[in-house]
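# Remarks on the overall topology
Here are the chains, one letter per residue:
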Amino acid sequence: MRKIAFTLLSAVIAICGTFFIPKSTVSYASAQAEIAMELSTGAKLIENNAYAKLPMASTTKILTAIIVIEDCDLNEVITVPDEAVGVEGSSIYLVKEEKIDIKDLLYGLMLRSGNDSATALAIHHSGSIEKFAEEMNRRAEIIGAKSSHFKNPSGLPEKEHYTTAYDLCSIACYAMKNETFKNIVSTKNYNGKYRNFVNKNKILHKYEYANGVKTGFTVNAGRCLVSSAEKDGMDIVCVVLNCPDMYERSIQIFESCFKKYKLVSIDCDKVFNFNNKLCRLKENASFVTGSTDKIDYRFEAITENTNDTAIGKLNVYNENKLIFSGKLYSI
């Protein structure tokens, strides 16, 4: 009987064994390029091949969206131009001379990845795809994405349309600081004045801390995902380019980063005593350090002759590594 019971148990384990394996032990292949950054500081938490120039498919639309949000009236109603009707690829199926507001077009852009929506928005903003692409490149340069080049607002394949994981993550971090953008990409279901949309970004359902951002796929670019998650007061933006298991790999990166790192904030109202003088930072500050690291606050006198009224510096060390420095001013 014992032998029969043991045989039956072995068979059950053989069939169902994978259900007993903790999720944390499952390993997913890295993307062709990937990076994770803390949103407020831009600190790089993990990276692999992050500066390789690669196609990024519809994650392009992150830059399209933030440009339109910053420059346009979202309540303005426009007439759909001919160029935006029947655009190849993913679509919200705009109709010739249809009336629709910019807000609904933005939700169609980010939730349904509408290439026709991208075309309509670009033409409304700049008058043509070419002019809008010029603006995309100008904005990317300002944001700090200096190794990217954009040819269209949607991410449809073109020879000179590329980015890097680092650049794309920088653009996403910039965009996620805009509340309107953040509200759009975190929305699961949208009921607009002209259209209703369901968000196709499954990270919002697969990971409880997720709050965006954008999927992408073309044969050339592979599966791409820019995602964002917030936990314990820390926001992390993750980019994986050409990653077959893009959702699973992104979640794995998030879990690893939330476990390894923490965000430390110093409020500008916090008072320090330096050389018997009460002082504080001029602005709120924050930095990323290891979750178990012991940090050391040290003060330093300012010896250089400048017009600045700072009386000293607050330096924060992790062991003997300087991880933050900020000027202190008398109260």
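Structural data are supplied above this passage.
Report follows, based on the coordinates. Keep in mind it's a predicted model, so treat the numbers as computed, not measured. (Residues numbered from 1 in each chain as written. Predicted model: local features only at pLDDT ≥ 70, side-chain atom pairs only at ≥ 80, totals over all residues. Heavy atoms only, no water.)

## Observations concerning the overall build of the protein
In terms of helices and strands, the protein carries 9 helices and 16 strands. Counting all 331 residues of the protein, 48% fall into the buried class. Intrachain contacts of the protein at a sequence separation of at least 6 include 58% that bridge at least 24 residues. About 17,100 Å² of surface is accessible on the protein, with carbon and sulfur atoms providing 49% of the total. Charge separation in the protein, taken as the distance between the mean sites of 40 positive and 39 negative side-chain charges, equals 7 Å. (Helix = DSSP H or I, 4+ residues; strand = E, 2+ residues; numbered from the N terminus. Buried < 20%, exposed > 50% of the residue type's maximum accessible area, 1.4 Å probe, protein only. Contact = heavy atoms within 4.5 Å. Areas by Shrake-Rupley, 256 points an atom, 1.4 Å probe, with all protein chains shown as cover. Lys, Arg positive; Asp, Glu negative; His and termini not counted. Charge placed at Lys NZ, Arg CZ, Asp CG, Glu CD.)

## Examining the sheet that holds strand β16 (residues 321-330)
Spatially, 5 strands are ordered β11-β12-β16-β15-β14 in an open sheet, and the strand pairing comes out antiparallel. Each edge of the open sheet carries a strand with a single partner, namely β11 (272-274) and β14 (295-301). Strand-to-strand, the axes of this sheet are offset by a mean angle of 40°, without reference to chain direction. Bridge analysis of strand β15 (residues 312-318) against β16 gives 7 bridges, and the strand direction is antiparallel. Within β16, the residue paired with Tyr 317 across the bridge is Leu 322. (Pairing = 2+ DSSP bridges. Axes fitted to C-alpha atoms, helices over the stretch in contact; angles between N-to-C directions.)

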